[in-house]
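Notes for the structure review
Each chain, written out:
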Amino acid sequence: MFRSNQPKIRNFRIDYAKHADFCDVFRNDTKQLYLLAFLLTANHEESEQCFLSAVEEAFKEPAVFKEWVRSWIKRRLIENAIKIVSPALAGNGQRRELWSAGQREAQRKCEIDSVTKLAALERFVFVMSILERYSNWDCALLMGCSMNRVAQARMKALRRLPDLAALFPCGNGLPMPRLGVTA
């Protein structure tokens, strides 16, 4: 009985991600990861800070399974964005920017800009629960608020974004399902 388990135990560490695994995800998913950070922070400077912190943390983390690298990185981005923005605090006075600022298409409504115009808590809950499919429990735990507050924030966000397909005509011509930042 124990002999059959020994090869699995010896090879257990092989399943851990190496630096190259993290590099692959950062290289292949840079745009999606930055978009996730921007949707959460609604600020380019804070998005960069959030992204760079996740990169630094990835190379300090000794034990992440290979299959979990992408979700681990996204979780770090979300946690970093929460630290930066503190969405559960009412009226945090955050300076928001538009994704399309400075572009010729900025005058048209943009799906990303529509999300970033939401209040911080509503935006975080929308991105985490709708786009990233986190449970109410996970959202509440990460943001330090109640599940009831998470559910209320999601309802407010969905009311402000009533017809998702019609509301988001621009971006890069992406329909709403492509706005999702899950891989």
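Residues numbered from 1 in each chain as written. Predicted model: local features only at pLDDT ≥ 70, side-chain atom pairs only at ≥ 80, totals over all residues. Heavy atoms only, no water.

1. Here's the deal with the overall build of the protein chain
A count of helices and strands for the protein chain gives 11 helices and zero strands. N-terminal to C-terminal, the α/β element order of the protein chain is α-α-α-α-α-α-α-α-α-α-α. The burial tally for the protein chain puts 43% of its 183 residues in the buried class. Expressed as a percentage of contacts within the protein chain between residues at least 6 apart in sequence, the contacts between residues at least 24 apart total 73%. Carbon and sulfur atoms form 54% of the exposed surface of the protein chain, whose accessible area is close to 10800 Å². (Helix = DSSP H or I, 4+ residues; strand = E, 2+ residues; numbered from the N terminus. Buried < 20%, exposed > 50% of the residue type's maximum accessible area, 1.4 Å probe, protein only. Contact = heavy atoms within 4.5 Å. Areas by Shrake-Rupley, 256 points an atom, 1.4 Å probe, with all protein chains shown as cover.)

2. Overview of the state of the cysteines
Evaluation of the coordinates by the stated rule reveals zero disulfides. In this model cysteine 145 remains outside any disulfide bridge; the closest cysteine sulfur is found in cysteine 139, 8.2 Å from its own. The class of cysteine 145 is buried, set by a relative accessible area of 14%. (Disulfide = S-S within 2.5 Å.)

3. Focus on unusual backbone geometry
In this structure, alanine 42 takes a positive phi of about 60° despite not being glycine. Mapping alanine 42 onto the fold places it in the loop between helix 3 (30-41) and helix 4 (44-58). Backbone geometry places serine 86, a non-glycine residue, at a positive phi of 50°. Looking at the element boundaries, serine 86 is found in the loop between helix 5 (69-85) and helix 6 (111-116). Given a relative accessible area of 27%, serine 86 falls into the partly exposed group.

4. Quick word on the side chain of glutamate 122
In this fold, glutamate 122 is placed in helix 7 (residues 120-131). In this view, glutamate 122 contacts Ala153, Lys156, Ala157 and Arg160; residues no more than four positions away in its chain are not counted.

5. Focus: helix 5
The first and last C-alpha atoms of helix 5 sit 24 Å apart over 17 residues, in line with the 24 Å expected at 1.5 Å per residue. Every buried residue of helix 5 is listed here: Val69, Trp72, Ile73, Lys74, Arg76, Leu77, Ile78, Asn80, Ala81, Ile82 and Val85. At its buried positions, helix 5 is contacted by helix 2 (19-28), helix 3, helix 4, helix 7 and helix 8 (136-143). In the segment just after helix 5, serine 86 is the residue with positive phi, at about 50°. (Expected span 1.5 Å × (residues − 1).)

6. Considerations on the confidence of the model for the protein chain
A residue-level look at the protein chain finds 70% of positions with pLDDT of 70 or above and a mean pLDDT of 81. Per-residue pLDDT, averaged within each element of the protein chain, yields its smallest value for helix 11 (residues 176-179) (44) and its largest for helix 8 (97). Between residues 165-178, whose pLDDT stays under 50, and residues either more than four places distant or in other chains, the model counts 25 contacts. (pLDDT = per-residue confidence, 0-100.)

7. Section: the environment of arginine 76
By the secondary structure assignment, arginine 76 is in helix 5. The class for arginine 76 is buried, based on a relative accessible area of 18%. Discounting chain neighbours no more than four positions away, the residues touching arginine 76 are Ala54 and Glu57.

8. Points about the environment of tryptophan 68
On the secondary structure map, tryptophan 68 appears in the loop between helix 4 and helix 5. Once the C-alpha coordinates of tryptophan 68 and tyrosine 16 are considered, the two residues, 52 residues apart in sequence, prove to be 9.2 Å apart.

9. So, helix 7
The terminal C-alpha atoms of helix 7, which comprises 12 residues, lie 15 Å apart, in line with the 16 Å expected from a rise of 1.5 Å per residue. The element helix 7 is extensively covered by neighbouring structure, given that 11 of its 12 residues are classed as buried. Of the residues trailing helix 7, arginine 133 is marked for its positive phi of about 65°.

10. Regarding the pattern of salt bridges
Scanning the entire structure with this criterion turns up seven salt bridges. Arginine 70 serves as the salt-bridge partner of aspartate 29, at 2.5 Å between the closest nitrogen and oxygen. Highlighted residues: aspartate 29 in the loop between helix 2 and helix 3 and arginine 70 in helix 5, separated in sequence by 41 residues. Exposure remark for arginine 70: the relative accessible area of 33% places this residue in the partly exposed category. Note that glutamate 57 and arginine 76 form a salt bridge whose closest N and O atoms lie 4.0 Å from each other. A residue pair is termed long-range when its members are at least 10 positions apart, and glutamate 57 in helix 4 and arginine 76 in helix 5 qualify at 19 residues. In this structure glutamate 57 comes out as partly exposed when scored by relative accessible area, which is 23%. (Salt bridge = Lys/Arg side-chain N within 4 Å of Asp/Glu carboxyl O.)

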